[in-house]
Amino acid sequence: TSSSSLVNLGAGAFKDAVKLTSFSLPTKVTVIADDVFSGCINIETFNVASKLTSIGNNAFYKCEKISSIYLPDDITSIGDNAFYGCKALAEVTLPDSITDLGDYAFKDCENLTSITIPSTVKNIGNGAFLFCRSLKNVTIPNGVKELSTYMFNQCSSLSSICLPESIETIGY
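Procedures and definitions
- Residues numbered from 1 in each chain as written.
- Predicted model: local features only at pLDDT ≥ 70, side-chain atom pairs only at ≥ 80, totals over all residues.
- Heavy atoms only, no water.
- Helix = DSSP H or I, 4+ residues; strand = E, 2+ residues; numbered from the N terminus.
- Rg over C-alpha atoms; globule rule 2.2 N^0.38 Å.
- Contact = heavy atoms within 4.5 Å.
- Areas by Shrake-Rupley, 256 points an atom, 1.4 Å probe, with all protein chains shown as cover.
- Lys, Arg positive; Asp, Glu negative; His and termini not counted.
- Charge placed at Lys NZ, Arg CZ, Asp CG, Glu CD.
- Pairing = 2+ DSSP bridges.
- Salt bridge = Lys/Arg side-chain N within 4 Å of Asp/Glu carboxyl O.
- Buried < 20%, exposed > 50% of the residue type's maximum accessible area, 1.4 Å probe, protein only.

1. Notes on the overall build of the protein
Reasoning step 1: Helices and strands together make up the secondary structure of the protein, namely zero helices and 14 strands.
Reasoning step 2: Counted from the first residue to the last, the protein has its helices and strands arranged as β-β-β-β-β-β-β-β-β-β-β-β-β-β.
Reasoning step 3: A globule of 172 residues ought to have a C-alpha radius of gyration of about 16 Å, and the protein, at 15 Å, matches this closely.
Reasoning step 4: With the C-alpha coordinates of the protein rotated into their principal frame, the extents come out at 45 × 25 × 20 Å.
Reasoning step 5: The contacts of the protein with a sequence gap of at least 6 include a subset with a gap of at least 24, amounting to 21%.
Reasoning step 6: For the protein, the computed accessible surface area is about 7,900 Å², with 45% contributed by carbon and sulfur atoms.
Reasoning step 7: With 12 positive and 17 negative side-chain charges, the protein shows a separation of 6 Å between the mean positions of the two kinds.

Structure representation (structure tokens):
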């Protein structure tokens with residue numbers, strides 16, 4: 001676990017800490033830097049009690065046992081590959097403060113079944129949901145103009161997608 005006086009989590013701080021099973025983020029931490037929990041294959045529980053504003057690139061890369069994560073209302077961006085390979089991740093609620101989803105942000109989240117993207121999202125990266133094989137339902141908000149390349153590639157269970165009238169381009 002973490003100390004309540006913790007303010008910063010530097011890049012790669014817990015990278016490949018394979019015995020780490022849980023972590024509680026204290027209230028003073030606002031940014032999870034790049035690669036902080038990357039490769040923590042046994043982390044199951046991640047509690048956020050902070051005013052978290054951004055999650056860096058590869059922050060939870062291959063954290064295969066995390067099944068759900070709460071994202072606080074202050075968060076504005078999720079970096080490239082942030083949750084890539086979080087195979088057990090089944091539930092994510094994106095708050096209305098999110099504006100950017102990085103490239104491959106949720107790639108290979110095999111158990112993710114549905115996602116509602118809030119209307120505040122302006123940028124959705126390439127392959128954001130690539131290989132999310134259990135993803136069944138997606139709602140894209142009005143205002144999004146482009147669905148990026150490979151956004152839902154290999155989402156073999158996708159049965160419902162709600163596209164707004166604002167969509168001008170759909171990648172391949």
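2. Examining the sheet that holds strand E10 (residues 123-124)
Either a parallel or an antiparallel arrangement is found when strands of a sheet pair, and the pairing is made through backbone hydrogen bonds.
Reasoning step 1: With respect to topology, five strands assemble into an open sheet ordered E2-E4-E6-E8-E10, the strand pairing being parallel. The sheet is open, and its two borders are formed by strand E2 (31-32) and E10, each paired with just one other strand.
Reasoning step 2: Bridge count between strand E6 (residues 77-78) and strand E8 (residues 100-101): two bridges; the pairing is parallel. By the bridge assignment for E8, Ser-77 is matched with Asp-100.

3. Remarks on the pattern of salt bridges
Reasoning step 1: This model, assessed by the stated rule, comprises three salt bridges.
Reasoning step 2: One salt bridge connects Lys-51 with Asp-74, and the closest N-O pair in it is separated by 4.0 Å. Pair noted here: Lys-51 is in the loop between strand E3 (45-48) and strand E4 (54-55) and Asp-74 is in the loop between strand E5 (68-70) and E6, with a separation of 23 residues, a long-range link.
Reasoning step 3: Judged by relative accessible area, which is 53%, Lys-51 ranks as exposed.
Reasoning step 4: Salt-bridge contacts for Lys-87 lead to Asp-108; the nearest nitrogen and oxygen are separated by 3.8 Å. Residue Lys-87 is found in the loop between E6 and strand E7 (91-93), and its partner Asp-108 is found in the loop between E8 and strand E9 (114-116); the two are separated by 21 residues along the sequence.
Reasoning step 5: Among the residues examined, Asp-108 registers a relative accessible area of 15% and is labelled buried.
Reasoning step 6: Because the salt bridges share partners, they merge into one network encompassing Lys-87, Asp-108 and Glu-110.

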